[in-house]
Amino acid sequence: MGELIDNFESYRTRMNDRIMETANTNIKRFFALDTTTYADGALDVKTKEMLGLVASMVLRCDDCIKYHLGKCHEAGVNHDEMNEVFMIANLVGGSIVIPHYRRAVEYWDELNS
């Protein structure tokens, strides 16, 4: 993978491990809830990850955007689907989402290179 992806994944893994060293039951349950929420259910993983990406873009969380872009890539989201996800996020979030959109496109391009 590229440098953007390697740096993000390395940092995320390292800090999640660090958090879990001292995490209490509630934090551990919250992390587990996050994981299980995105599992197959009435909605498939691909759809849930696209929803998570839209929410992350609207909330302007770059770490969450990168995470969901990676999961969308793993789930087989194609370029046309991703462009529609980006369109919805920008429509819902407004012009303030555009800087996050730029970084998301850069990260998506790296995932697909």
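Residues numbered from 1 in each chain as written. Predicted model: local features only at pLDDT ≥ 70, side-chain atom pairs only at ≥ 80, totals over all residues. Heavy atoms only, no water.

### Details of the pattern of salt bridges
Should their charged atoms come close, side chains of opposite charge can pair.
Part 1: If you walk through the whole model with that rule in mind, you get four salt bridges.
Part 2: Salt-bridge contacts for Arg18 lead to Glu21; the nearest nitrogen and oxygen are separated by 3.5 Å. Note that Arg18 and Glu21 are positioned in helix H1 (residues 3-22) at a spacing of three residues, about one turn of the helix.
Part 3: Across the salt bridge formed by Asp62 and Arg103, the nearest N and O atoms sit 3.0 Å from each other. Separated by 41 residues along the polypeptide, Asp62 in helix H4 (residues 62-75) and Arg103 in helix H6 (residues 98-111) bring together distant segments of the chain. (Salt bridge = Lys/Arg side-chain N within 4 Å of Asp/Glu carboxyl O. Helix = DSSP H or I, 4+ residues; strand = E, 2+ residues; numbered from the N terminus.)

### Considerations on unusual backbone geometry
Part 1: Despite not being glycine, Arg60 has its phi angle at roughly 60 degrees, a positive value.
Part 2: Note on placement: Arg60 falls in the loop between helix H3 (45-59) and H4.

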